[in-house]
Structures are given as C-alpha cells and as structure tokens.
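# Results of the structural survey
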Protein chains: 2
Amino acid sequence: MTYELYYWPTIQGRGEFVRLALEEAGAPYMDVARTKDGVDAMMKWLEAPGASYAPPFLKAGDLIIGQTTNILLFLGARHDLAPQDEAGRLRTNQLQLTIADVVSEAHDTHHPIGMGQYYEDQKPESKRRAKEFRAERIPKYFRYFERALEGNRWLVGDRLTYADLSLFQLVEGLRYAFPRTMKKLEKDYPSIVDLHDRVQHRPNIAAYLKSERRIDFNEDGIFRHYPELEGAA
Amino acid sequence: MTYELYYWPTIQGRGEFVRLALEEAGAPYMDVARTKDGVDAMMKWLEAPGASYAPPFLKAGDLIIGQTTNILLFLGARHDLAPQDEAGRLRTNQLQLTIADVVSEAHDTHHPIGMGQYYEDQKPESKRRAKEFRAERIPKYFRYFERALEGNRWLVGDRLTYADLSLFQLVEGLRYAFPRTMKKLEKDYPSIVDLHDRVQHRPNIAAYLKSERRIDFNEDGIFRHYPELEGAA
C-alpha cells in the first residue's frame, strides 16, 4: 500500500515530521499536494466525513489520520519506529508532544497576535515574543531533552524512534530560524547535537535530505529566519 | 491501584481533562498536589528520570505518563473511554489533539507575548489576539466539531469517549472566559451544546461537578474571564 500524505506543498512545516518518519522507514508514499491538482484534492478531503481539522493528514487505505503526533503514533507502530510495549509507546508519544509544543512556540514567535494578520503587522510583538523564546523557552526545553538523553543514545530505549527524527528536525528548524542563538546555545547540549548528527547520517535520511523531496526552509513555513527576531537592528 | 495525578492544585487547567476522564471512569485516584506537601512531591517527580516536561502527569504504578493527550490515550484504553480498534483509537486521539489546540489558543489570548510576562504587561496585545480568537478561531473549530457530530450522538462511534468529556470541558471553559461571545455563537452549534448537556448530566460527572474536587474557574487558569478581552471598555 502506498500512503498518501497531504500537506502544504511549498513548506516543510508540520508535514516534515511525517515525511522524515516515512523516509526513515522506507515506506512508499505520495506527497499528494505536490502533484498536479493535489492541493484541490487535499481541500476536498478536508471536507470529508472523518476529516482532519487541518493538514497534515495521512491516508492509509481507508483510514484518514490527522494531527502530526497522531500520524506518528500510527507510523511508529506500523514501521517499528517506536517500542512495542505500552511504556515505550507512551514515552515516545509524550516526547513527540513536547517537541510539538516547542514547534508551536517557534511558530508563535512570528505570529504572536494570530494567524489572521501578516507578520509585518505584528513585528514589535514578534520581537518581544522571540526574545523570551530565545532566552527562556529554548533553553528550558533543551535542558529537558538533554536530560532525557543522559546515558542514552536515543530518546527512548536503545533504538531510534520517531521522536529522535523529530528532535533532529527541531534542531534543524531552530538553526535556520535562530542561527546566532543556536551557535551560542548548542555547546551546552552535546547529547542533542550528537543525536542530531547521527540522525542526519542515517542512510535513508541522508539520501532524503539531498533529494528534491526535501523542501528548503523558507519564510512561509513554521521556522522562519527574520534577523530582527534575533535582535538584529 | 490508585492513580496519582500531579497537577497545579488551584486551577482546572490542562489537568481538568484528566480529572474528568478519571471521574467518569470511577477510577480511584489521588490529586496529589492538593494534599499536604503535594506540590513539593510534584516538583521532585519532575526531576526524575523519565519525567514529564511539565504537569499534568499521571503515575500509574511504575509508569510516569506526561502530556495531557497522552494520559488520555492511556486512560482511554484502560477504562473503556475510547474504542478498542485502531481507527477509533486514532480518531479519538486526533479529536483530542484538536481540542488541545483550541485550549492552547485560548491560553494565548491572555499571554500572546509569552509566559514570562504578566497579563497586565501584554494587555493591548491580548485584546488583538482575543479579537481574532473570538471572531475567527472559535467558529472555525466549532464548525469542525459540529460537523464531526453530524448524525452522531458522540464524537467517535456510538459511545462516549474521552474526547466527548474534553469537548464538554472546552465549552465550559469558553463560556467562562467569553460569555457574551458564546451566548451569540452557541445557537449555530446545536450538536455541540447537546453533547455538552448530556455529558454534564452523566451521573459520575454530575456528582463530580457538585463536589469540592471540582475547582472553580479563576484567573490563574487557562480559561480566564477578562471582560476587556470580549470588547468591554
């Protein structure tokens, strides 16, 4: 069976966490909205009974699975990207949800006042929000993930899970959006950086990152590089 | 086994979604932080290996389960508050995650600039954010949940799930925070209101709501009633 992934075609966004899991698993999938008329198809599925509230969603045969962490819960079980036992499955889901919280906060650094207004119309507010995010929030989350990696090669158990792929992607996104901040911070979180590097060099991930399937970061996505949000004039 | 729930003792907050599931299930639990020295115990567990990033978390024997939606995933399976089959379980989790998204946005109406600053220091920004939340976001989410209830008594399948309990709580919270808005909106979402009322009158829930275990809404929680965020002068 070929999975059908539905997500905005020009950004990494939340869909990227799903793409990484599919790529690592070597699972056959179509990134539907990047094909001809694919966005129309996505919009139609959003109106179907049992639809997801928003992209990304995954069609797996008759199943429509919405919400990023929920898709990963499904793929983790199907493709051995999470432990089989209850404790391990729950722990992986918990870490993924925590990563999703950081991702939401990263998004809010450029849209603190809301999705309905342009970044340009909420720039002073974005600067305030980004300042706290850089100074307080990233370190707090990173301390947590660093501690979760204490004495472990992987976040959960002794093998890679989808939470590791997502932590890799979080580091990638933050490096893009806040390069100066990350340059200063990263030395304090050697286990996170080491995990990032090991994920990056896994054969399937390395091949994916070099391929055209990997969309470049850009200022329509969740992680956006606006120099003024790092304190540049 | 008696569950140990750990959450801030003076607010409903995210912990309330867990409390409602435990109460509906009639599961024995201790709300630990509301007991003597309970907050200290909570803080200690947050430093333990395998800890949650933040409250709420649930201790179930040796398991420490963090993240609200993850706790509900666990309780749903254990206490028959979610379907047994994969499709139903995933659908319940997806809806719960979507409810969690609204809850986060409700929180951000009074803290758009960040957690590190008082509401009083982000009031003008809160007004802008709340305006969009009331006018655009609540209706968009409610349309989605109303449609999910089309022709169904419950959100998933033909029996109550924890997602129904959470939708009840979402309505409760929004009524408290934005009473004028909800008064105007609710007539457009009869299925949501009907579900809310049916949940409210379930014996275990009704008994809980009348008990001292139910904390009143207040301005330290997620749903806060600030008249100025509803457009009052």
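The model shown is predicted, which means the values in this text are computed figures rather than measured ones.

Conventions we followed
- Residues numbered from 1 in each chain as written.
- Chains lettered and ligands numbered in written order.
- Predicted model: local features only at pLDDT ≥ 70, side-chain atom pairs only at ≥ 80, totals over all residues.
- Heavy atoms only, no water.
- Axes fitted to C-alpha atoms, helices over the stretch in contact; angles between N-to-C directions.
- Helix = DSSP H or I, 4+ residues; strand = E, 2+ residues; numbered from the N terminus.
- Parallel < 35°, antiparallel > 145°, perpendicular 65-115°, else oblique.
- Left-handed = near helix turned anticlockwise from the far one by under 90°.
- Contact = heavy atoms within 4.5 Å.
- Nonpolar A, V, L, I, M, F, W, Y, C, P; charged D, E, K, R; others polar.
- Buried area = accessible area lost by both parts, 1.4 Å probe.
- Salt bridge = Lys/Arg side-chain N within 4 Å of Asp/Glu carboxyl O.
- Pairing = 2+ DSSP bridges.
- 1 Å grid on protein atoms, 1.4 Å probe; cavity = no way out; pocket = protein on both sides within 12 Å on 5 of 7 lines; lining within 4 Å.
- Points joined across faces, edges and corners; volume = space filled by probe spheres on them.
- Buried < 20%, exposed > 50% of the residue type's maximum accessible area, 1.4 Å probe, protein only.

This part covers the packing of helix α5 (residues 123-148) of chain A against helix α6 (residues 162-177) of chain A. Residue and element names in this part refer to chain A. For the pair α5 and α6, interaxial distance at closest approach is 13 Å and the crossing angle is 160°. One way to sum up the angle between α5 and α6 is to call them roughly antiparallel. Of the two possible hands of crossing, α5 and α6 adopt the one that is left-handed. Taken together, the residues of α6 that come into contact with α5 (itself represented by Phe-133, Ile-138, Phe-142 and Phe-145) are Leu-167, Leu-170, Val-171 and Leu-174. Looking at the contact of α5 with α6 residue by residue, the classes come out as 8 nonpolar, no polar and no charged.

Okay, the interface of chain B and chain A next. The interface of chain B with chain A comprises 44 residues on the first partner and 44 residues on the second. Both sides together, the interface formed by chain B and chain A hides about 3800 Å², and carbon and sulfur atoms give 46% of it. Linking B:Glu86 and A:Arg78 is a salt bridge whose minimum nitrogen-to-oxygen distance equals 3.2 Å. No other element matches the 10 residues that helix α4 (residues 86-108) of chain B contributes to the side of chain B that touches chain A. Split into classes, the residues belonging to the side of chain B that touches chain A amount to 16 nonpolar, 14 polar and 14 charged.

Two pairing modes exist for strands in a sheet, parallel and antiparallel, and in both the strands are linked by backbone hydrogen bonds. All names here are of chain B. An order of β2-β1-β3-β4 is seen for the 4 strands of this open sheet, with the pairing classed as mixed. Either end of the sheet is taken by a strand with one partner, and the two such strands are β2 (29-31) and β4 (63-66). Taken over all neighbouring pairs, the strand axes of this sheet differ in orientation by 20° on average, direction set aside. Bridge analysis of strand β3 (residues 57-60) against β4 gives 4 bridges, and the strand direction is antiparallel. Paired with Leu-58 across the strands is Ile-65, a residue of β4. Sitting on the sheet, helix α3 (residues 68-78) touches β1 (3-6), β3 and β4, and the angle it makes with β4 is about 125°.

This paragraph deals with the layout of surface pockets. Counted as a void, the second largest pocket has a volume near 420 Å³. In terms of lining, the second largest pocket is formed by 24 residues, of which the most central are A:Pro49, A:Gly50, A:Ala51, B:Arg91 and B:Ala148. Going through the elements one at a time, β4 (63-66) of chain A together with α4 and α5 (123-148) of chain B are the ones with two or more residues in the lining of the second largest pocket. Considering every element that reaches the lining of the second largest pocket, the biggest residue donor is α4(B), with 5 residues. Partitioned by chemical class, the residues of the lining of the second largest pocket number 13 nonpolar, 7 polar and 4 charged.

What follows is about helix α3 (residues 68-78) of chain A. All names here are of chain A. When you tally the buried positions in α3, you get 9 out of 11 residues, the bulk of the element. The complete set of buried residues in α3 reads Thr-68, Thr-69, Asn-70, Ile-71, Leu-72, Leu-73, Phe-74, Leu-75 and Gly-76. Of the residues flanking the end of α3, it is Asp-80, one or two places downstream, whose phi is positive at about 60°.

As far as function goes, none of this settles anything; it's purely spatial.
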